[in-house]
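# Tertiary structure, described
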Amino acid sequence: KAGVTQTPRYLIKTRGQQVTLSCSPISGHRSVSWYQQTPGQGLQFLFEYFSETQRNKGNFPGRFSGRQFSNSRSEMNVSTLELGDSALYLCASSPGLAGGLQFFGPGTRLTVL
Amino acid sequence: GESVGLHLPTLSVQEGDNSIINCAYSNSASDYFIWYKQESGKGPQFIIDIRSNMDKRQGQRVTVLLNKTVKHLSLQIAATQPGDSAVYFCAEIDDTGRRALTFGSGTRLQVQP
């Protein structure tokens, strides 16, 4: 099976812009979770989607949002970008709801200038 | 490649030696633990997991030990190889509420040839 894929791999934006990142889970996996990874804060949970519904949410502002499509593919959106949003954004998929093993994609490196 | 942490604790070992990476957790409600390995430019990769009803689990060249009394988890890598050089994260899931993965800050393993 192909692994989790994320596009784009690298992205450069300026403050105030918005960005959309995409994630395709492993075939058959229905849960997609998003994480932000920074040197200072480590890996932090953003949200989880299952069957097109957000099931879990981390402690991030409302500028961070996401959605999941019927084919389980997911997108996350960050509006009004800030310098501190520069990070590696990781997507992980699992067969069912979180509480079990998650498989990660390679991430999207977002740089905000 | 991606920088996953500029100020991580670092464990340096000689090729062929055994490595022990430690992780302390604080949530006594955590009931599932996973070790991930992250190489530069890649997302976290599953190594081994353990449930709270076990205190030891072995895989190929890796062993995870869980001490619930002191909330401590360790990853032992036998006969460490240069390919083991990476950042290692422990992650936990609690059995209440959100059930999202909570990651430790990571340890960088450097294997000297």
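Residues numbered from 1 in each chain as written. Chains lettered and ligands numbered in written order. Predicted model: local features only at pLDDT ≥ 70, side-chain atom pairs only at ≥ 80, totals over all residues. Heavy atoms only, no water.

Moving on: the overall build of chain B. The number of helices and strands found in chain B is 0 helices and 10 strands. Reading chain B from its N terminus to its C terminus gives the helix and strand order β-β-β-β-β-β-β-β-β-β. Looking at chain B residue by residue over its 113 residues, the buried ones come to 43%. Here the analysis covers contacts within chain B between residues at least 6 apart in sequence; of these, 56% occur between residues at least 24 apart. As displayed, chain B offers around 5,600 Å² of accessible surface, 44% of which is attributable to carbon and sulfur atoms. (Helix = DSSP H or I, 4+ residues; strand = E, 2+ residues; numbered from the N terminus. Buried < 20%, exposed > 50% of the residue type's maximum accessible area, 1.4 Å probe, protein only. Contact = heavy atoms within 4.5 Å. Areas by Shrake-Rupley, 256 points an atom, 1.4 Å probe, with all protein chains shown as cover.)

Right, let's get into the pairing of strand S10 (residues 107-112) of chain B. Residue and element names in this part refer to chain B. Here S10 shows a clear split, with Thr 107, Leu 109 and Val 111 buried on one side and none of Arg 108, Gln 110 and Gln 112 buried on the other. Across 5 bridges, strand S1 (residues 10-14) lies against S10 in parallel orientation. Bridge pairing in S10 links Leu 11 to Leu 109. Here 3 bridges tie strand S8 (residues 86-94) to S10, and the two strands are oriented antiparallel to one another. Across the sheet, the residue bridging to Val 87 is Arg 108, located in S10. (Pairing = 2+ DSSP bridges.)

Looking now at the side chain of B:Lys37. Residue and element names in this part refer to chain B. Position of Lys 37 relative to the elements: it lies in strand S3 (residues 30-38). Although buried, Lys 37 forms no salt bridge, and the nearest oppositely charged side chain, Glu 39, lies 4.2 Å from it. Of note is the side chain of Lys 37, whose polar atom sits 2.8 Å from the backbone oxygen of Gly 83. In this structure Lys 37 touches Gly 43, Pro 44, Gln 45, Ile 47, Gly 83, Asp 84, Ala 86, Val 87 and Tyr 88, once residues within four positions along its chain are discounted. (Lys, Arg positive; Asp, Glu negative; His and termini not counted. Salt bridge = Lys/Arg side-chain N within 4 Å of Asp/Glu carboxyl O. Polar contact = N/O pair within 3.5 Å; in protein donor to acceptor, adjacent residues only side chain to side chain.)

Attention now goes to the sheet that holds strand S7 (residues 64-68) of chain A. Residue and element names in this part refer to chain A. Strand order across the open sheet formed by 4 strands is S1-S3-S8-S7, with antiparallel pairing between neighbours. Each edge of the open sheet is held by one strand with a lone partner, namely strand S1 (5-7) and S7. Averaged over all adjacent pairs, the angle separating strand axes in this sheet is 20°, with direction ignored. As judged from the 5 bridges shared by strand S3 (residues 19-24) and strand S8 (residues 74-78), these two strands associate in the antiparallel manner. Counterpart to Thr 20 in the pairing with S8 is Asn 77. (Axes fitted to C-alpha atoms, helices over the stretch in contact; angles between N-to-C directions.)

This next bit is on the environment of A:Gln17. Residues and elements named next belong to chain A. Looking at where Gln 17 falls in the secondary structure, it is placed in the loop between strand S2 (10-13) and S3. Classification of Gln 17 by relative accessible area gives partly exposed; the value is 34%. Each C-alpha atom, one on Gln 17 and one on Leu 81, is 5.4 Å from the other, the two residues being 64 residues apart in sequence. Look past the residues within four positions of Gln 17 in its chain and what remains in contact with it is Val 78, Ser 79, Thr 80 and Leu 81.

Now for the confidence of the model for chain B. The predicted coordinates of low-pLDDT regions are not to be read in fine detail. For chain B, the mean per-residue pLDDT works out to 89, and 89% of the residues sit at or above 70. When the criterion is pLDDT under 50, residues 1-5 of chain B qualifies, and its contacts beyond four places in sequence or with other chains add up to 14 contacts. (pLDDT = per-residue confidence, 0-100.)

Once that is clear, we can look at the sheet that holds strand S6 (residues 62-67) of chain B. All names here are of chain B. The strand order across the open sheet built from 4 strands is S2-S7-S6-S5, with neighbouring strands paired in antiparallel fashion. The strands lining the two open edges of the sheet, one partner per strand, are strand S2 (19-24) and strand S5 (56-58). On average, each strand axis in the sheet is tilted by 15° relative to the strand beside it, whichever way the strands run. In this sheet, S6 lies alongside S5 in antiparallel orientation, the contact comprising 3 bridges.

Before going further, it helps to spend a moment on the state of the cysteines. All names here are of chain A. As enumerated under the stated definition, the model contains 2 disulfides over all chains in all. Bridging Cys 23 to Cys 91, the disulfide has an S-S length of 1.7 Å. Note on the Cys 23 and Cys 91 pair: the S-S dihedral is about -55°, so by sign convention the disulfide is left-handed. With Cys 23 in strand S3 and Cys 91 in strand S9 (residues 87-94), this residue pair connects regions lying 68 residues apart in the sequence. By relative accessible area, Cys 91 is classed as buried at 0%. (Disulfide = S-S within 2.5 Å.)

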